[in-house]
Every structure is written in structure tokens, then in C-alpha cells.
Amino acid sequence: MFLYLLCISFTAETEAGLRNGDGVYIVYMGSASSAANAYRAQILINTMFKRRANDIVHTYKHGFTGFAARLSAEEAKVIAKKTGVVSVFPDPNYQLHTTHSWDFLKYQTAVKIDSSPPSSPEAGSYDSIIGILDTGIWPESESFNDKDMGPIPSRWKGTCMEAKDFNSSNCNRKIIGARFYKSPDDDSEYFTTRDVIGHGTHTSSTAAGSAVENASYYGVASGTAKGGSPNARIAMYKVCNPGGCAGSSILAAFDDAIADGVDVLSLSLGAPSYAHIELNTDPIAIGAFHAVEQGILVVCSAGNDGPNGGTVVNTAPWIMTVAANTIDRDLESDVVLGGSKVIKGEGIHFGNVSKSPVYPLIYGKSAKSADASESSARTCDYGSLDQEKVKGKIVLCENFDGSSYASSASDEVKSKGGIGCIFVDDRTRAVASAYGTFPTTVIDSKEAAEIYSYVNSTKDPVATILPTVTVEKFTPAPSVAYFSSRGPSSITRSILKPDITAPGVAILAAWTGKDTSISLEGKPPSQFNVISGTSMAAPHVTAVASLIKSLHPTWSPSAIRSAIMTTATQTNNDKGLITTETGATATPYDTGSGELSTTASMQPGLVYETTAVDYLNFLCYYGYNISTIKTISKSVPANFTCPEDSKLDLISTVNYPSIGISGYKGNENKTVSRTATNVGGDGVAVYTVSVETPPGFSIQVTPEKLQFTKDGEKLTYQVTVSAGDGSLKKDVFGALTWSNAKYKVRSPIVISSETSTTN
């Protein structure tokens, strides 16, 4: 796809123009491999911006064609009608997806490979390069030291951009690339690859940070901080600032990364779930399409708009979409009641209070200020509490309406002279947040019932909140994080999203070196931070993809994705199935194929390769005509045409590692096929299928055995679904697994109708 953004200078009518739709627009013109596309783009730029060169924000020419520039709404409409233009759309503003993990993943591995898989990237012969689109990087962090690393790969074509606080000496054999992108409304202080937020430093070190011993956040979550692929190289593309992430910058970063020579791209950002952006106006989907065409796997976070269904973002089938789960480390801050009853709580704080229950305990609603409602006092909203009633006490606050947060309640209690805050919230109980030196902890409603009983039966109830302790080997883990966005995809239910889940709760990783906002009073800024989000989950998958690439450098992006998806685990460390934040069994809409395995994914046995033609067919089924597809893609075979019966339901036939059957009418047999490639390394291999069938359905796989005679051989099978009672009131889930003595290759199955619901 070729994309270009047109930016036209503001006149004296700027404010009126903005109200009428004037501003920065992206003009996308498809593949950069087409000389015609490039020529049309250049003519358009020369014609419109001959005297307005400063209005051009970005031009795109490596992986796709187009530019970003200031345009009036009328100019945008005119350009959209030009030959070769795929789409013209306003420059969107995307957001970051954030609100010990590696050891847990290795412990969780369910499939034991008997040929001793490599435990580190040193075993790989290929030097992988991870490109990260984020907020920048803090190069002085010890996580980015290049000790014992070899020379920078000769294929690398990137650069280390100079800035007032970032120069070539900040790059090394670990950080081999650093670029930043200017947006029209950015302050010049952000014209640097240096991270002023922390997010990019955190994701980079999670994916590829060097090992740092005795890392912690002021003693919490202590241990060795290390990336999942510590020998991988990092190329940072700074596309985000405190105001968000401009779509035009995201596209520019994709364009550069394609030319620079990265192997994997990682994005922990995206559009809000309610936006429902179309593929041809989504900078991430556009950039990822062209990156995948060039052999680059693109890994994206699923979003933090859970737990509601249908909130997953970054769902184009050429993107690997990552949900978030907990790990087996709990950051516990318990409540002690009078009589020494201990209530388990969650939170990170460094309060200096008595460990004995000596502080008066009061309900928020009992401490209501005169002009506040009882409901606002229950949640301890801003301004809802009476200072005289709160001073010197611990306050019990409740998220009874589902829209309140412990941090705001804690701030209100603190501002009124309280000693501490106990926040009741089933949703966030498993996700530890940091509250500085003010004692704050989160408990669930079951635990809260004991506190209610104690307060109601005691004349002068007292309590205390204990300092945070790190609990290892916590069970059950993993569970799906409450914030993790859920399927189904708003694009199509025929492609299951998310694809995979990975650790994204309370992840310790590197941070900027001067962030006083997370510092404790009287102590220097922490070099590490503990945060949560699908932002933290995506770089875990990125790291594993990098390791697979180092072992199998000729594998395609889809083969690497397949290896990760088909070897995922569905069980927790308590010998049960992975659950959601409510304790219910998780479905593929929560976890995709399951939780990431760092070991089995290195040797999957079989892979499902989603070919260029698969993606072209997807575009056909989705409604694009052949003329537009030929403009978009550089990989259209000479004789390719869209199938005559192209429709959304046929997306199920795309050779994806999971199976989504949508539009099921209930009174029919529906058949899809999949083609598996033998990559086990043993030549001859025989796999037998087993099926997990949802109640009321029949799933028939033909043939029931796949008999491979050599490595690289491809065999196709059919999956036929039928329902016994002819009705489908809600989406149902199953799976099929091809296995032999050495490998298990699992594909989840989702069946939905035009009227079925997700729950």
C-alpha cells in the first residue's frame, strides 16, 4: 500500500477551517513497488505544494506510497477522487495501551520437546532486529548495555538521529537505530528519540533488554530484569508524545522500518475500541500490511478496553494481536482488622504506618460531606468526604458503579487527612497499582464482606494496611487481566482475535532515569517501574518471535505467528483452565489460542502459512475490488482475480492458524480447509487429529491423519461443522489438535451466526 499525507498551511481562517474539517490528512496510494503510484504521488505533491513545501508533514516511499500534509476538507475530497488514490483520511491520534514474567512463562510450558530446544537466542544463527514504535528510549538504562554483543548486522540500513539530548553516542550494539517524527502540533522539546514518558523504555527492555541483576521498584518485585530476547538489537521509532501517537508519524515509522531492515515490529498502541476504523483508514493496518509483504512480522497490543466483548483492536489478519494476563507474582498489601483478622489485598505502597490495627476504620458513606451524595461518598469521589470525619482514619471505599478507581479514592482520602484507603473492586483486585507513600490496597467484594461484618458488629472498629510484599508462585495464574480487550473482532468474526495472550500485569522493566512522578520522597528516581497493560504483553510475544526468527531466519511472518499460536497453553499453574477476572473459564475471545509458550513455539512441528494470496482473497471477501487491490499490493499474481462469490463468510477459508466460522445458519454443513506445512525436522511425520466439540455440534476432520514424507511438505485437510438442533443462540468454541509423540499443534475453533451473542 502506498500512503501519503497532505498538509496544507493554515491561513487566517485556521480556526474556522478546523471546524469545517481542515487539518492534516493522510493520502494513501498503495504499493511503493508501482512506478505509476510513485509518479502520481510526486505529480500530486508538486502540483499542490509547489509554493507550500512546509505544509508537507511526511512523505512515504519505501514500503508504500503517499504523504501527510495540511489540507482543507474540500481539497481532501478532490484528492480522494484522483486516479491511484486508495484513501484520504484525517490524521488520527492513537493512544498507548498501558495502565520475573519470563521465568513464569518457561515454568508454564506444557509441551515438553525431547530434543532440547535452545533456551536463549545465542543458539540462533541469525541476528534479529526488533523495531519498536513507541515513546522513545532512555539509552543510559543498564538494560540497554551492549556488553558481549557482536558487531551490528551488515544488513542494517537505519540511523541514529541527532537531537539536543540524543546523539550517535547514545546508540550502541544494542540500540542500533533511533528515529523520531515531528507532528505539526508537537512542542519542539519532543523532537528527540529520548523517552520522556517511560513507556517505550519499558516495552523495549521487556522485549530485548540485557539482564540487570537486583532490579526492583524500591524493593518491590525484585530480581533480575531481562528481556525475552536479550541478544536482539533494538531500533526505536518514536511516534508518541504526551499528547498521543499521530497516525501520520506511525506510517512514517513503518515506511522507515521497512527500508531499515527490521525483522519484527512491535506496537503497544492503537485506536480506541469504539472508533471501529476501516482497514484503509487505519495507519497501523496499512503500515502492517506493507511490512508483512516485506517479510516483517507485526505484533500489536489488543487494547485495554476490556472486559466488555467486541473491544479488541489491531485486528487485521496480517497483524498478530496480543491480550494480557497475570503472572504468578502477587504484590500483596494486606489489611489487618482489630482482633488480628487478616484480609488479603493488592497494591504497591510504601506507607510508614503501624503494623498493628490501631487506626479507626470508617465507611466512605459514613464520612460524607454535607453537600455530597451518598453514592459519591461510597466511591470516595473527589470532594465527597468530610475532613473532620476522615482525619486520622482508614476509609473503606467501593467501586459499586463500575466506573471508579482506587487511585482517585486514595487521593480523596489523603487530601482529607486520612491514614489509608481500602478500595473494594472485583475488577482491579488482581492488578497491582502504585500509590506512593500513602497506604492503599484493593480487595474484592468477598473479602470486603468480612470487613463489613466486622465494622457493623464493633463499636470502635480499627485496622491497618500492611506494606507491600512480593508473593512468588501465586496461584492460580495466569488469569485474563480485567482490562484486556476481548473479541470478537469488529472487522469479521471469521478471524479470531486476539491471537494470543501474554504477561501484561505488574511487569517490572526499565524506565526513564529522571521521572520524579514515580519517585519516593527523599529517594532518587527509580530506574525500573512496575506497570500493567496489553502494552506490556505485546513485547513478550515480540521477543519470542525474535527468538524464532533467530532460529529459523527463512520463516515467513505467518509461519512465526503460527508457531506461537498453535503451541500456546490453555491451563494455569493450579492444574485448571485459564480463567477470567471473574473466575469463569476463559474463551478464545479472551485469550485467543492461549498463553504464550517460550519453549514449544521454537519447535512447533507444523505451521499454517497465510500466503500473499490469502491476504488478497481476504481483501476480495471484505469488499475491495481487483483494481484497488492491485494498487494496494505489490504481490498480486498476473492472473489473480477476486472470486465471483466473494463475501464476508468466505474469510473463514483464509489459511489462518485458528478457525472462525461466521454466519452459521444452523441448518447446514459448513466446510473450511487448512493447509499445514511440516517443519518438524524429522522428514517423515504422521499426525493424528483430536477434536474438542462444542455441545450440540458435530465437527468432522478429513482426513483424520496427516502423513508427511519430507520436511517442507504441505498437506490440506477439511473441517466440516454441523449442528444437531439447528440453532445457535450464542457463539460457541471448540478446537482441533494434530499430534504425534513429539508435537501438539492446536487450533481453536469459534462458530457464530448472524444473530448469536458472545455470552
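Cut-offs and rules
- Residues numbered from 1 in each chain as written.
- Predicted model: local features only at pLDDT ≥ 70, side-chain atom pairs only at ≥ 80, totals over all residues.
- Heavy atoms only, no water.
- Helix = DSSP H or I, 4+ residues; strand = E, 2+ residues; numbered from the N terminus.
- Rg over C-alpha atoms; globule rule 2.2 N^0.38 Å.
- Buried < 20%, exposed > 50% of the residue type's maximum accessible area, 1.4 Å probe, protein only.
- Areas by Shrake-Rupley, 256 points an atom, 1.4 Å probe, with all protein chains shown as cover.
- Lys, Arg positive; Asp, Glu negative; His and termini not counted.
- Charge placed at Lys NZ, Arg CZ, Asp CG, Glu CD.
- Axes fitted to C-alpha atoms, helices over the stretch in contact; angles between N-to-C directions.
- Parallel < 35°, antiparallel > 145°, perpendicular 65-115°, else oblique.
- Left-handed = near helix turned anticlockwise from the far one by under 90°.
- Contact = heavy atoms within 4.5 Å.
- Nonpolar A, V, L, I, M, F, W, Y, C, P; charged D, E, K, R; others polar.
- Pairing = 2+ DSSP bridges.
- Salt bridge = Lys/Arg side-chain N within 4 Å of Asp/Glu carboxyl O.
- Domains from an automatic or database assignment.
- Buried area = accessible area lost by both parts, 1.4 Å probe.
- Polar contact = N/O pair within 3.5 Å; in protein donor to acceptor, adjacent residues only side chain to side chain.
- UniProt positions renumbered as here; feature names shortened; annotations may be inferred.
- Disulfide = S-S within 2.5 Å.
- Expected span 1.5 Å × (residues − 1).
- Arc of directions from axis to C-beta.

S.K.: Honestly, the overall build of the protein in this entry has me stumped. Any pointers?
M.R.: Of the regular secondary structure elements, the protein holds 16 helices and 38 strands. For the protein, whose C-alpha radius of gyration is 27 Å, the value lies close to the compact-globule estimate of 27 Å for 759 residues. Out of the 759 residues belonging to the protein, those deemed buried represent 60%. Counting only carbon and sulfur atoms, one obtains 49% of the accessible surface of the protein, whose full area is about 28,700 Å². Charged side chains of the protein number 63 positive and 74 negative; the gap between the two group centres comes to 2 Å.

S.K.: What should I look at first to understand the packing of helix H12 (residues 534–551) against helix H13 (residues 557–566) in this one?
M.R.: Axes are the key here: two packed helices are described by the angle between their axes and the distance separating the axes. Running from amino to carboxyl end, H12 crosses H13 at an angle of 120 degrees, the nearest separation of the two axes being 10 Å. Overall, the two elements H12 and H13 adopt an arrangement that is oblique. The handedness of the crossing between H12 and H13 is right-handed. Only Ile-560, Ala-563 and Ile-564 of H13 make contact with H12, whose side of the interface consists of Val-541, Val-544, Ala-545, Ile-548 and Lys-549. Looking at side-chain class alone, the contact of H12 with H13 contains seven nonpolar, no polar and one charged residues.

S.K.: Got a minute to help me understand the sheet that holds strand E31 (residues 659–661) in this structure?
M.R.: In sheet architecture, strand pairing relies on hydrogen bonds along the backbone and comes in two forms, parallel and antiparallel. In spatial order, the strands read E31-E38-E37-E33-E35; together these five strands make up an open sheet with mixed pairing. Among the strands making up the open sheet, the edge pair consists of E31 and strand E35 (705–708). For this sheet, the mean angle separating the axes of adjacent strands, direction not counted, is 20 degrees. Both strand E33 (residues 685–692) and strand E37 (residues 732–739) contribute to a ladder of five bridges, which runs antiparallel.

S.K.: Even after reading the chapter, I still don't get the pattern of salt bridges, so can you show me in this structure?
M.R.: Where side chains of opposite charge bring their charged atoms close, a pairing between them can arise. In the structure shown here, the tally under the stated rule is 25 salt bridges. Notably, a salt bridge pairs Asp-146 with Arg-173, separated by 3.2 Å at the nearest N-O pair. Taken together, the positions of Asp-146 in the loop between strand E7 (129–134) and strand E8 (175–180) and Arg-173 in the loop between E7 and E8 put the pair 27 residues apart, joining distant regions of the chain. Given a relative accessible area of 33%, Arg-173 falls into the partly exposed group. The salt bridge involving Asp-731 is made with Arg-493; its shortest N-O contact spans 2.7 Å. Residue Asp-731 is found in the loop between strand E36 (714–723) and E37, and its partner Arg-493 is found in the loop between strand E26 (469–472) and strand E27 (500–503); the two are separated by 238 residues along the sequence. A cluster of three or more residues bridged by salt bridges with shared partners is formed by Arg-52, Asp-55 and Glu-75.

S.K.: Quick question: what am I supposed to make of the sheet that holds strand E16 (residues 297–301) here?
M.R.: Strand order in this open sheet of seven strands is E8-E11-E7-E14-E16-E17-E27, and the pairing throughout is parallel. Looking at which strands have only one partner, the edges of the open sheet turn out to be E8 and E27. Across the sheet, the axes of successive neighbouring strands diverge by a mean angle of 25 degrees, strand direction being ignored. Of the pairings in the sheet, the one linking E7 to strand E14 (residues 264–267) comprises four bridges and is parallel in character. Looking across to E14, one finds that Leu-133 is bridged to Leu-267.

S.K.: Would you mind showing me how to read the domain arrangement of the protein here?
M.R.: When the parts of a complex come together, some accessible area is lost, and that lost area is often taken as the interface size. Here the protein is partitioned into domain 1 (23–90), domain 2 (102–111 + 124–324 + 480–601), domain 3 (332–469) and domain 4 (605–610 + 654–751). Here the C-alpha centroids of domain 2 and domain 3 sit 35 Å apart. Each side of the interface is counted separately: domain 2 has nine residues, and domain 3 has twelve residues. Together domain 2 and domain 3 conceal approximately 920 Å² of surface at their shared face, both sides included; 81% is due to carbon and sulfur atoms. Its largest share of buried area at the contact with domain 3, domain 2 owes to Val-220, Tyr-482 and Leu-520, together 51% of the area lost on that side. Taken together, the links from domain 2 to domain 3 amount to zero residue pairs in polar contact (both at pLDDT 80 or more). Its residues assigned to classes, the side of domain 2 that touches domain 3 shows eight nonpolar, one polar and no charged.

S.K.: What should I look at first to understand the environment of Ser-407 in this one?
M.R.: Looking at the secondary structure, you find Ser-407 in helix H10 (residues 406–415). Given the relative accessible area of 41%, Ser-407 is considered partly exposed. C-alpha of Ser-407 to C-alpha of Pro-557: the two residues are 150 residues apart in sequence and 41 Å apart in space.

S.K.: Can you walk me through the UniProt feature "domain: PA" (unreviewed entry) in the protein in this structure?
M.R.: UniProt tags residues 360–450 as "domain: PA" (unreviewed entry). Here residues 360–450 runs as 27% helix and 20% strand, with 16 Å between its end C-alpha atoms.

S.K.: Whenever I open this one, the state of the cysteines confuses me. Can you help?
M.R.: One covalent bond between the sulfur atoms of two cysteine residues makes up a disulfide. What the rule picks out here adds up to four disulfides. In this model Cys-160 forms its disulfide with Cys-171; the gap between the sulfur atoms is 2.1 Å. Here the disulfide of Cys-160 and Cys-171 is right-handed, its torsion about the S-S bond being about 85 degrees. Highlighted residues: Cys-160 in the loop between E7 and E8 and Cys-171 in the loop between E7 and E8, separated in sequence by eleven residues. When its relative accessible area of 15% is taken as the criterion, Cys-171 is described as buried. Linked covalently through their sulfurs, Cys-620 and Cys-642 form a disulfide whose S-S length is 2.0 Å. Looking down the S-S bond of the Cys-620 and Cys-642 bridge, the torsion is -75 degrees, so its handedness is left-handed. Here Cys-620, found in helix H15 (residues 612–622), pairs with Cys-642, found in the loop between helix H16 (626–632) and E31; they are 22 residues apart in sequence, far enough to count as distant. Since its relative accessible area comes to 4%, Cys-620 is described here as buried. Cys-642 gets classed as partly exposed once you look at its relative accessible area, which sits at 22%.

S.K.: So what exactly am I meant to see when it comes to helix H11 (residues 445–456) here?
M.R.: In an α-helix, one full turn covers 3.6 residues, which means residues spaced three or four apart are oriented alike. Between its first and last C-alpha atoms H11 spans 16 Å; for twelve residues at 1.5 Å apiece the expected length is 16 Å, and the two agree. When H11 is considered as a whole, its buried residues turn out to be Glu-447, Ala-448, Ile-451, Tyr-454 and Val-455. Axial view of H11: buried residues confined to an arc of 115 degrees, hence all on one face. Exposed side chains of H11 directed beyond 90 degrees from the buried face belong to Lys-446 and Asn-456. At the N-terminal end of H11, a side-chain oxygen is found 3.1 Å from the backbone nitrogen of Lys-446, two or three residues along, and the residue is Asp-444.

S.K.: Just to check I follow, could you spell out unusual backbone geometry for this structure?
M.R.: Most peptide bonds adopt trans geometry, and most residues besides glycine take a negative phi value. Look at the link from Thr-475 to Pro-476: it is a cis peptide, with omega at -10 degrees. Structurally, Pro-476 is set in the loop between E26 and E27. With an omega of -5 degrees, the peptide bond between Thr-702 and Pro-703 qualifies as cis. By secondary structure assignment, the location of Pro-703 is in the loop between strand E34 (697–702) and E35. A positive phi angle, close to 55 degrees, is found at Asn-314, a residue other than glycine. Along the chain, Asn-314 turns up in the loop between E16 and strand E17 (320–325). Using a relative accessible area of 7% as the deciding quantity, one classes Asn-314 as buried. For Ser-340, which is not glycine, the phi torsion reads 70 degrees and is therefore positive. Within the secondary structure, Ser-340 is located in the loop between strand E19 (335–337) and strand E20 (342–343). On the basis of relative accessibility, which here comes to 55%, the residue Ser-340 falls in the exposed class.

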